[in-house]
Amino acid sequence: MQQFMRAANKRERAEVAELCDTTVGYLYQVAGGHRHASAYMAMRLEEATRRVAAGTGGRLAAVPRSSLVRHPEVFA
């Protein structure tokens with residue numbers, strides 16, 4: 001998530017936040033490791049980053065949901 005946030009521009013970060021019904025500040029907290037996403041939010045973030053990344057010609061990549069949660073085995 002940290003790499004995505006660094007590479008994304010302001011509009012792309014805002015779009016991900018809007019698609020997930022959250023704030024850009026929350027995205028930065030998750031990216032910095034200060035918060036962990038719930039399993040549901042991680043799935044929403046993965047889908048939102050995939051949708052935003054699709055329009056960037058390979059500059060951005062989707063963030064895998066297992067990297068956003070405290071216990072990634074929940075997705076196994």
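Up top you'll find the structure we're talking about.
Residues numbered from 1 in each chain as written. Predicted model: local features only at pLDDT ≥ 70, side-chain atom pairs only at ≥ 80, totals over all residues. Heavy atoms only, no water.

Caption draft 1: Layout of the overall build of the protein chain. Looking only at helices and strands, the protein chain has four helices and zero strands in total. In the protein chain, the succession of helices and strands from N to C terminus is α-α-α-α. The C-alpha atoms of the protein chain give a radius of gyration of 11 Å, which matches the 11 Å a tight globule of 76 residues would have. Taken over the C-alpha atoms alone, the protein chain extends approximately 30 × 25 × 20 Å along its principal axes. The long-range share in the protein chain, meaning contacts at least 24 apart out of those at least 6 apart in sequence, stands at 53%. When the accessible surface of the protein chain is split by element, carbon and sulfur atoms take 48% of a total near 4,700 Å². Of the charged side chains in the protein chain, 11 are positive and 7 negative; the average position of the first set lies 5 Å away from that of the second. (Helix = DSSP H or I, 4+ residues; strand = E, 2+ residues; numbered from the N terminus. Rg over C-alpha atoms; globule rule 2.2 N^0.38 Å. Contact = heavy atoms within 4.5 Å. Areas by Shrake-Rupley, 256 points an atom, 1.4 Å probe, with all protein chains shown as cover. Lys, Arg positive; Asp, Glu negative; His and termini not counted. Charge placed at Lys NZ, Arg CZ, Asp CG, Glu CD.)

Caption draft 2: Just the nonpolar core, in detail. Met1, Phe4, Val16, Leu27, Ala37, Leu45 and Leu68 are the most contacted members of the largest nonpolar core, which totals 22 residues. Those elements that place two or more of their residues in this core are helix H1 (2-7), helix H2 (10-19), helix H3 (24-31) and helix H4 (39-54). Counting residues per element, this core draws most heavily on H4, at six residues. When neighbours within four sequence positions are excluded, Phe4 is seen to be in contact with Val16, Thr49, Val52, Leu60, Ala61 and Val63. (Core = buried A, V, L, I, M, F, W, Y, C linked by side-chain atoms within 4.5 Å. Buried < 20%, exposed > 50% of the residue type's maximum accessible area, 1.4 Å probe, protein only.)

Caption draft 3: Focus on H2. For H2, the set of buried residues is Glu12, Arg13, Val16 and Ala17. The buried residues of H2 all sit within an arc of 140 degrees when viewed along its axis, so they share a single face. In H2, the exposed residues that point more than 90 degrees away from the buried face are Lys10, Arg11 and Glu18. Those residues of H2 that are buried are in contact with H1, H3 and H4. Sitting at the head of H2, Asn9 places a side-chain oxygen 3.1 Å from the backbone nitrogen of Arg11. Of the residues flanking the end of H2, it is Asp21, one or two places downstream, whose phi is positive at about 55 degrees. (Arc of directions from axis to C-beta. Polar contact = N/O pair within 3.5 Å; in protein donor to acceptor, adjacent residues only side chain to side chain.)

Caption draft 4: Geometry of the environment of Thr56. Positionally, Thr56 belongs in the segment after H4. Within the structure, the side chain of Thr56 is placed 2.8 Å from the backbone oxygen of Ala53, a separation counted as a polar contact.

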